[in-house]
Amino acid sequence: MGGKQDSTKSESMATTKTAPDLLNSSIFSFKSLKLKTKQQELLIRVSILGLVYVLAFIARLFSVLRYESMIHEFDPYFNYRTTLFLTEKGFYEFWNWFDSESWYPLGRIIGGTLYPGLMVTAALIYWTLRFLRFFVHIREVCVLTAPFFASNTTLVAYFFGKEIWDTGAGLVAAVLIAICPGYISRSVAGSYDNEAVAIFALLLTFYLFVKAVNTGSLAWALGSAFGYFYMVSAWGGYVFIINLVPLYVLVLLITGRYSMRLYIAYNCMYILGMLLAMQIRFVGFQHVQSGEHMGAMGVFLLMQVFYFLDWVKYQLNDIKLFQTFLRITVTSAILVGGVALGVGTASGYISPWTGRFYSLLDPTYAKDHIPIIASVSEHQPTAWSSFMFDYHILLFLFPAGLYFCFKRLTDATIFIVMYGLTSLYFAGVMVRLILVATPAVCLISAIAVSATVKNLTSLLRTKQKVPQSGSTKGAGSSKASSKVTLDQSQPFQKNGAIALLLGVFYLLSRYAIHCTWVTSEAYSSPSIVLAARGAHGNRIIFDDYREAYYWLRQNTPTDAKIMSWWDYGYQITAMGNRTVIVDNNTWNNTHIATVGRAMSSYEDEAYDIMRSLDVNYVLVVFGGVTGYSSDDINKFLWMVRIGGGVFPVIKEPDYLVNGEFRVDKGASPKMLNCLMYKLCYYRFGELTTEYGKPTGYDRARGVEIGNKDIKLEHLEEAYTTSNWIVRIYRVKPPTNRL
Amino acid sequence: MIERKANLSLRIRSEKMAPRSDSQTLATGSAMSDTSGESSIDPIFHILRIIPFSFLRPPRLRLKLPSFTLPSPMTVFALILLTYFLVVSGFVYDVIVEPPGIGSTQDPITGSVRPVVFMSGRVNGQYIIEGLSSGFMFVLGGIGIIMLDLALDKNRAKSVKASYATAGITSIVIAYVMSMLFIRIKIPGYLH
């Protein structure tokens, strides 16, 4: 190298004066830039993680670029309103807030009935930015909280993958989870909901716990307790953690993997996590009172029994004595635990499993008993196409990853297998829970990808090793022939490995294309602003919801009370700033049933109910003009079912004809004269909606309506939006008695 | 075993002649669960020794408590694969919503009833047969990758490795192509 340098120096000196200086400096800088392998590897890893971080953020920005930076859907509007309150009034006012603007006349104790993690997180980010003199509006922070935490989740997924398998699996897991549609669906920019932060907290808690079990360190266990606290503050789905971790500990005990590390990790996490979780008012004392949390307590006591038996075994030298002692202790421990559980449940101190979580274990329960839970579209069981839509090739890689985990069973792989299987089962029961299964599926698929790629690249690399070993081992005739056959198969194997690697690359690129397409088409719609393709392919935006809410805000008295179906409650309070009767919290079934009864009764009976509730305005959503199919007429049967569940005077068969729900001439008379029908189709009979069809043609149902001549006695029309999507009616005061 | 024989001999020596009764099988069951060695730290054993067994003679039975052995990891994995197949085929959806096995439409002109395999119109809806066939494709793809890994295992004959490799690659290709075909039929605007 030195000789070469001298010759180039002399050549360049012969040409120009300044060139050799440049050449020298560049040669030296190139030499000093040549890194060692370890440093190269670190650089590759850090750059991959940096790119993945940015990718996870920008993949979620479709709706911000297409529409504007606004909050999507229904629930996020409540979260936005509470965050606004928190930043304006401070934490103590927020914690003690009683809201009289929703659930009129009952009101709602907001401070005690929400999970504050999301709001506090957004407020902290907002205050930090303001401290750094970036004066952003709180709405921007709320819109971009979810993508920010999705990026953080990819980092946690990398460390988790590293813990379970190796760094390669960690990197693949980070990439897969950055663009997986199952996660994007609930963490897109504008989806300011609890899950945005909760999935980050879930994965963080699991990672810290597995790290604690692997190392036995008290510090990591403490970290996992705080991660659990963050999860409890963020989402009601923390019940999954408090049941999965004890189940995992139980499986480890059964498979004979009890160790001091497990003991330290679980005890620290359970006790500290439980004490921290009791700081959230909404959770309260549920960790000692609710049936859903008893599994964790039972496993905690079992761990103490195991430790005690271990200690006794260490003290005693006699095996037989110990066997006796073992039998007595285990029997009596199980008996005492069973008796305590029985006494607790019978006396009512331990409450049974709530309907929401019980319907996960027995999926048929909600359909028969609790229509409100069954009516939410997110709670329907999952069909294969939803799985395919949200996971694509991860569905192939998941069983392969399980196989690799079973081949190399450690404490960590047992955990990820259990997490994957339980969460996948629950995802099969309820579509919404595909989100919870996504990190596990991505991690296990990453293990499959990493192990397969490692196998294939090791095939590519064996070429160098075999000739050396052949030469050092000396020449026997069999050895020579085997070497010859190996040499003959070498190029074939190498070509095959390269072809398979290209195949893996092709599959992963198809996954990326699929994820981008799904994100762009299916999961980036704000739901409050609708878009459709016009006749010439141009895009038409329907902004009717916000138009109606702002009309309410500006044209009604400030103490007006609005009655609508519970879907729109949060949006009305957040954007319209008016009191509502029922909203999305759905905590009071009877109140919702009262509204449902009012919507499905004749106008006179409905007027009595509305007067008793002090209603001033009624809001309905109607999709007959635009063909919008999620309107109140399509939701009407749920109003009837929920109302009929509490008031038997409302009977579902009254509204059906031969079991079929119709709105045209053949519909039942009760349907043609109920309040919802009248309010939706008032003056609709005069409208021509489609060329070539008669007037009053409902484009969402595809039929001509039955009752075109509607007269309203106790209500009058206040406002109809430009595309007839939202219609607002004023309730007239009672006529003076003569 | 030694303990139990010792107990029985103890009882035979100290017994009084008594007719066998039906409670004896029950007694042997409870005796076996509470037996210990000759060392007597078990209080229940002492009570039982006095109350029924001072005058009852347990028969000599060759019964063994069923021993609980953990199944091998690969057995568990096979069961898990079966469960995965059921879940991913939308089994819970089939049980709750009870869709028909296969849908049908009526040809408007001829009036004949034609079967429809894929429920169109929604992403989250299926008929039973389409769910099961898609689930089978996913499991086939997974098994293909597993077979590829088995093919790269060093301790087998070359021909076995080659056949595993071809079977694995064919499975993956078939599974991927069929899954893409299914999703394209089901969702008409896929990737457009």
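Because the structure is predicted, anything quoted here is derived from the model rather than measured.

*Asks:* Report on the pattern of salt bridges, specifying residues and quantitative values.
*Replies:* Residue and element names in this part refer to chain A. Under the criterion given, the structure shown has 28 salt bridges over all chains. The shortest N-O distance in the salt bridge between R727 and E717 comes to 3.3 Å. A residue pair is termed long-range when its members are at least 10 positions apart, and R727 in strand 11 (residues 726–731) and E717 in strand 10 (residues 715–720) qualify at ten residues. On the accessibility criterion, E717 (23% relative accessible area) is partly exposed.

*Asks:* Account for a negative patch on the surface, with residues named and values stated.
*Replies:* Residues and elements named next belong to chain A. Negative charge collects at one region of the surface, where D604, E605, D608 and E713 lie side by side. With respect to the helices and strands, the residue D608 is situated in helix 29 (residues 603–612). A residue is classified by how much of its surface remains accessible, and D608, at 52% relative accessible area, is exposed.

*Asks:* Could you give an account of helix 6 (residues 128–151) of chain B, with specific residues and numbers?
*Replies:* Under the 1.5 Å per step criterion, the end-to-end length of helix 6 of chain B is 35 Å for 24 residues, consistent within 8% with the ideal 34 Å. The element helix 6 of chain B is largely enclosed, with a buried count of 18 among its 24 residues.

*Asks:* Give me the lowdown on helix 3 (residues 37–58) of chain A, citing residues and values where you can.
*Replies:* Residue and element names in this part refer to chain A. When the terminal C-alpha atoms of helix 3 are compared, their 32 Å separation across 22 residues agrees well with the 32 Å that a helix rising 1.5 Å per residue should span. Among the residues of helix 3, R45, L49, V52 and A56 are the ones counted as buried. Buried residues of helix 3, viewed axially, fall in a sector of 65°; they line one side. Seen from the open side of helix 3, the exposed residues pointing more than 90 degrees away from its buried face are L43, V46 and L51. Residues of helix 3 that are buried sit in contact with helix 8 (138–164) and helix 9 (167–179).

*Asks:* Break down the side chain of S386(A) for me, citing the residues and quoting the values.
*Replies:* With respect to the helices, strands and loops of the structure, S386(A) is situated in helix 21 (residues 384–391). In this view, S386(A) contacts I434(A), V123(B) and N124(B); residues no more than four positions away in its chain are not counted.

*Asks:* A description of the side chain of R546(A) should follow, citing residues and the corresponding values.
*Replies:* Residues and elements named next belong to chain A. Its location among the elements puts R546 in helix 26 (residues 544–555). Among the polar contacts listed, one links the side chain of R546 to the side chain of E68, at a separation of 3.2 Å. Excluding residues that lie within four positions of it along the chain, R546 makes contacts with E68, M70, I528, V529 and M575.

*Asks:* Residues and numbers for the UniProt feature "transmembrane region" (unreviewed entry) in chain B, please.
*Replies:* All names here are of chain B. As annotated by UniProt and renumbered to match this structure, "transmembrane region" (unreviewed entry) occupies residues 70–93, 127–152 and 164–185. As a span, residues 70–93 carries 79% helix and 0% strand, and end to end its C-alpha atoms are 32 Å apart. Taken end to end, residues 127–152 is 92% helix and 0% strand, and its two terminal C-alpha atoms sit 39 Å from one another.

*Asks:* So, unusual backbone geometry: which residues are in play, and what are the values?
*Replies:* Residue and element names in this part refer to chain A. Here the bond from Y104 into P105 is cis, since omega is 0°, no more than 30 degrees from zero. Relative to the assigned elements, P105 resides in the loop between strand 1 (98–99) and strand 2 (108–109). Although it is not a glycine, E73 sits at a positive phi angle of roughly 55°. With respect to the helices and strands, the residue E73 is situated in the loop between helix 4 (62–66) and helix 5 (75–89). By relative accessible area, which is 35% here, E73 ends up partly exposed. Within the chain, T586 stands out as a residue other than glycine whose phi angle is a positive 45°. Tracing the sequence through the fold places T586 in the loop between strand 6 (579–580) and helix 28 (589–600). Here T586 falls in the partly exposed class, since its relative accessible area comes to 24%.

*Asks:* An account of the environment of G117(A) is requested, with residue identities and associated values reported.
*Replies:* Residue and element names in this part refer to chain A. Within the fold, G117 resides in helix 7 (residues 117–131). Residue classification places G117 among the buried residues on the basis of a relative accessible area of 6%. Put simply, G117 and S233 are 116 residues apart on the chain and 4.6 Å apart in space, counted from C-alpha to C-alpha. In contact with G117, other than residues within four places in its own chain, are S233 and A234.

*Asks:* Talk me through the interface of chain A and chain B; I want residue IDs and the actual numbers.
*Replies:* Taken together, the contact pairs 52 residues of chain A with 57 residues of chain B. Between chain A and chain B the total buried area reaches about 4,800 Å² when both faces are included, carbon and sulfur atoms providing 75% of it. Taken together, the connections running from chain A to chain B amount to one salt bridge. Ionic pairing is found between D149(B) and K407(A), a salt bridge with its closest N-O pair at 3.1 Å. The interface formed by chain A and chain B includes eleven residue pairs in polar contact (both at pLDDT 80 or more). Those elements giving two or more residues to the side of chain A that touches chain B turn out to be helix 17 (319–347), helix 19 (364–369), helix 21, helix 22 (394–407), helix 23 (411–429), helix 24 (434–472) and helix 25 (477–521) of chain A. The biggest single contributor to the side of chain A that touches chain B is helix 22 of chain A, with eleven residues. Split into classes, the residues belonging to the side of chain A that touches chain B amount to 34 nonpolar, 13 polar and five charged.

*Asks:* How would you sum up the sheet that holds strand 6 of chain A? Please name residues and give values.
*Replies:* Residues and elements named next belong to chain A. Pairing in this open sheet of five strands is mixed, and the strands run 6-5-7-11-10 from one edge to the other. Since the sheet does not close on itself, it has two edges, and those belong to strand 6 and strand 10, each with one partner. In this sheet, strand 6 lies alongside strand 5 (residues 561–563) in parallel orientation, the contact comprising two bridges. Each residue of the ladder has a partner; that of I562, found in strand 6, is V580.

The rules behind these values
Residues numbered from 1 in each chain as written. Chains lettered and ligands numbered in written order. Predicted model: local features only at pLDDT ≥ 70, side-chain atom pairs only at ≥ 80, totals over all residues. Heavy atoms only, no water. Salt bridge = Lys/Arg side-chain N within 4 Å of Asp/Glu carboxyl O. Helix = DSSP H or I, 4+ residues; strand = E, 2+ residues; numbered from the N terminus. Buried < 20%, exposed > 50% of the residue type's maximum accessible area, 1.4 Å probe, protein only. Patch = residues over 30% accessible without salt bridge, like charges linked within 9 Å, V, L, I, M, F, W, Y side chains within 5 Å. Areas by Shrake-Rupley, 256 points an atom, 1.4 Å probe, with all protein chains shown as cover. Lys, Arg positive; Asp, Glu negative; His and termini not counted. Charge placed at Lys NZ, Arg CZ, Asp CG, Glu CD. Expected span 1.5 Å × (residues − 1). Arc of directions from axis to C-beta. Contact = heavy atoms within 4.5 Å. Polar contact = N/O pair within 3.5 Å; in protein donor to acceptor, adjacent residues only side chain to side chain. UniProt positions renumbered as here; feature names shortened; annotations may be inferred. Buried area = accessible area lost by both parts, 1.4 Å probe. Nonpolar A, V, L, I, M, F, W, Y, C, P; charged D, E, K, R; others polar. Pairing = 2+ DSSP bridges.

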